Amino acid sequence: MRNTLKFISTTCLIFLCHWAGSIHLGIAQDTSPLTIRQAFDVANIETTFLQTEELLPHKDIPQSPHPFIFPGGTPIHLPDSFALAQMAFGTEKYLDSSFTQGLIVIQDDSLVYEKYGRGQTASTPRIIWSVTKSYVSALMGIAIEEGHIESIEQTIEEYVPELKGSGYEGVRIKDVLQMSSGIKFDETYGDPDSDINRWFTAFCAGDSQDKFAASLTRERVPGTFNKYVSMDTHVLGMVLTKATGRSLTDYLQEKLWNPIGSEFDAYWLMDNEKMEMALGGLNICLRDAAKLGLLFLHEGNWKGKQIVPASWIAQSTRSEEPHLQPNSKASAHPGIGYGYQWWIPDGEEGEFLAIGVFNQYIYINPTTKTVIAKHSANKNYYDGRNPYRNTQVHLALFRAIAHGEVE
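What counts and how
Residues numbered from 1 in each chain as written. Predicted model: local features only at pLDDT ≥ 70, side-chain atom pairs only at ≥ 80, totals over all residues. Heavy atoms only, no water. Helix = DSSP H or I, 4+ residues; strand = E, 2+ residues; numbered from the N terminus. Buried < 20%, exposed > 50% of the residue type's maximum accessible area, 1.4 Å probe, protein only. Areas by Shrake-Rupley, 256 points an atom, 1.4 Å probe, with all protein chains shown as cover. Axes fitted to C-alpha atoms, helices over the stretch in contact; angles between N-to-C directions. Left-handed = near helix turned anticlockwise from the far one by under 90°. Contact = heavy atoms within 4.5 Å. Nonpolar A, V, L, I, M, F, W, Y, C, P; charged D, E, K, R; others polar. Pairing = 2+ DSSP bridges. Parallel < 35°, antiparallel > 145°, perpendicular 65-115°, else oblique. Core = buried A, V, L, I, M, F, W, Y, C linked by side-chain atoms within 4.5 Å. Salt bridge = Lys/Arg side-chain N within 4 Å of Asp/Glu carboxyl O.

(A) Representation of the overall build of the chain in the model. Counting its regular elements, the chain contains 14 helices and 15 strands. The buried share among the 407 residues of the chain stands at 62%. Total accessible area on the chain stands at roughly 14,900 Å², and carbon and sulfur atoms take up 49% of it.

(B) Seen up close, the packing of helix 6 (residues 132-145) against helix 10 (residues 230-244). In the contact formed by helix 6 and helix 10, the axes pass within 10 Å of each other and the chain directions differ by 35 degrees. Judged by the twist between their axes, the crossing of helix 6 over helix 10 is left-handed. Across from K133, V136, L139, M140 and A143 in helix 6, the residues of helix 10 making contact are S230, T233, L236, G237, V239, L240 and T244. Considering only residue class, the contact of helix 6 with helix 10 consists of 7 nonpolar, 4 polar and 1 charged.

(C) Summary view of the pairing of strand 2 (residues 81-84). Inspection of the sheet shows strand 2 paired to strand 3 (residues 87-90) by 4 bridges, in the antiparallel sense. By the bridge assignment for strand 3, F82 is matched with F89. Hairpin connection of strand 2 to strand 3: 2 residues between the antiparallel strands, including A85 at a positive phi of 55 degrees.

(D) Main features of the environment of P326. Here P326 is to be found in the loop between helix 13 (310-316) and strand 11 (336-338). With 19 residues separating them in the primary sequence, P326 and P345 have C-alpha atoms 6.8 Å apart. Here P326 is in contact with H333, P334, G335, I336, G337, I344 and D346, once residues within four sequence places are set aside.

(E) Highlighting unusual backbone geometry. Phi at M179 takes a positive value of approximately 50 degrees, unusual for a residue other than glycine. Within the secondary structure, M179 sits in the loop between helix 7 (173-177) and helix 8 (195-204). The backbone of K274 shows a phi angle near 70 degrees, a positive value even though the residue is not glycine. On the secondary structure map, K274 appears in the loop between strand 7 (266-269) and strand 8 (282-284).

(F) Spotlight on the packing of helix 6 against helix 11 (residues 248-257). Helix 11 packs onto helix 6 with a crossing angle of 70 degrees between their chain directions and a minimal axis gap of 11 Å. If you check the angle between helix 6 and helix 11, you find them roughly perpendicular. Across the interface between the two elements, Y135, A138, L139, I142 and A143 of helix 6 pack against L248, Y251, L252, K255 and L256 of helix 11. Here the residues of the contact of helix 6 with helix 11 are counted per class, giving 9 nonpolar, no polar and 1 charged.

(G) Molecular detail of the nonpolar core. Grouped together as the largest cluster of nonpolar side chains are 94 residues, with contacts concentrated most on Y135, Y168, I173, M231 and L256. The element best represented in this core is helix 12 (residues 286-297), accounting for 8 residues. Here Y135 is in contact with I128, L252, L256, L282, I284, D288, A289 and L292, once residues within four sequence places are set aside.

(H) Spatial organisation of the environment of I307. Along the chain, the position of I307 falls in the loop between strand 10 (305-306) and helix 13. Here I307 falls in the buried class, since its relative accessible area comes to 9%. Residues within four places of I307 in sequence aside, it is in contact with I142, K255, L256, P259, L295, G300 and W302.

(I) Structural view of the pattern of salt bridges. Here the structure, examined in full by the defined rule, presents 22 salt bridges. Here K255 makes a salt bridge to E146, at a shortest N to O gap of 2.7 Å. Pair noted here: K255 is in helix 11 and E146 is in the loop between helix 6 and helix 7, with a separation of 109 residues, a long-range link. For the salt bridge of E263 with R287, the shortest nitrogen-to-oxygen distance reads 2.9 Å. In this pair, E263 sits in the loop between helix 11 and strand 7 while R287 sits in helix 12, placing the two residues 24 residues apart along the sequence.

(J) Spotlight on the sheet that holds strand 1 (residues 58-61). What the 4 strands build is an open sheet, ordered 1-7-8-6; its pairing is antiparallel. What marks the edges here is a single partner per strand, and that holds for strand 1 and strand 6 (126-127). On top of the sheet, helix 11 reaches strand 1, strand 7 and strand 8; it is set at about 20 degrees to strand 1, its chief contact.

(K) Local environment of the environment of V136. Of note, V136 is situated in helix 6. Judged by relative accessible area, which is 0%, V136 ranks as buried. With 142 residues separating them in the primary sequence, V136 and A278 have C-alpha atoms 7.0 Å apart. The contact partners of V136, leaving out residues within four places of it in the chain, are T233, L236, G237, L240, W268 and A278.

Next comes the structure, spelled out in structure tokens:
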């Protein structure tokens with residue numbers, strides 16, 4: 001169980017209360033040490049996650065000019081309970097104890113369940129952390145289809161010469177997509193000197209994320225070991241901006257956000273160089289998160305128009321190489337596989353998930369034609385033994401909902 005819990009602790013950022021008070025943000029808002037300490041304290045994340053635009057610079061993403069409204073289906077009741085192995089859970093208690101702020105269920109393309117709480121509403125954009133990575137992957141597939149990127153077999157520096165001499169030189173785009181870059185990177189959130197915390201401190205100060213990526217070195221042969229490195233997604237963002245000549249926000253708006261009829265305004269956090277936080281900075285509403293799931297459920301086709309290539313969807317949402325398998329010994333994340341910035345659980349139904357820290361999810365089950373999106377501000381998240389922050393238990397809940405099971 002402990003190994004299973006471990007993999008999800010590396011799904012993006014974490015707020016470190018014991019040192020957050022010393023961060024100075026490079027923006028004009030009131031960001032005194034007291035303000036930052038209070039905002040980043042676990043006791044306050046329910047509010048902070050709903051208003052990160054007040055703490056960090058960002059780019060606005062207006063709603064689609066033609067918003068899509070989910071049709072209402074026959075409302076469902078969530079299972080009273082569900083189980084994983086020998087553990088049984090009451091559904092309502094689980095949702096409450098994982099500090100759920102929003103839960104939505106799409107079944108057969110219709111909205112059948114939607115509930116909000118803890119300050120979130122249907123129209124509240126909030127940070128989705130590493131779920132952002134799956135959006136970046138979709139943009140990569142679109143850029144390849146449009147000819148901006150020739151092949152994922154190309155190496156990173158062919159598009160980002162600034163990374164020559166870094167650990168990313170000679171690494172294929174494919175290896176970065178699959179979190180198999182071989183980059184030496186420590187995502188130990190409890191250590192203020194770890195790489196993820198050095199990056200986060202620099203980001204909050206407005207420093208260049210590109211320069212941080214260029215400072216990283218390699219520890220393994222690329223393409224041989226699956227280890228979650230958040231900066232890999234930033235490097236994908238660098239490739240996209242170089243290849244398309246456009247910002248991530250601009251490209252997202254035209255190629256993905258507008259076409260799928262995003263219903264509400266959103267925003268993307270950025271550094272002082274105006275580079276988006278590609279690895280986890282999107283702030284969106286829950287219904288619009290569910291639309292990405294619906295798009296992928298339909299293999300990239302949205303109401304008859306192919307938005308993301310079907311071949312890219314297929315490649316992104318399956319684990320083929322041995323080191324990406326759920327039970328591979330060449331993986332730092334036992335119990336779950338990996339695709340192109342999507343997590344692939346073990347099973348026979350073709351499921352896949354976008355996952356963000358503090359229990360953000362988009363779950364897709366092609367067999368049952370189900371999409372589930374969940375936003376959370378889980379105050380239990382630092383406790384690795386707590387089942388109310390465990391992704392495998394969340395997965396059991398999602399499966400129970402998808403199958404209408406009652407334990």
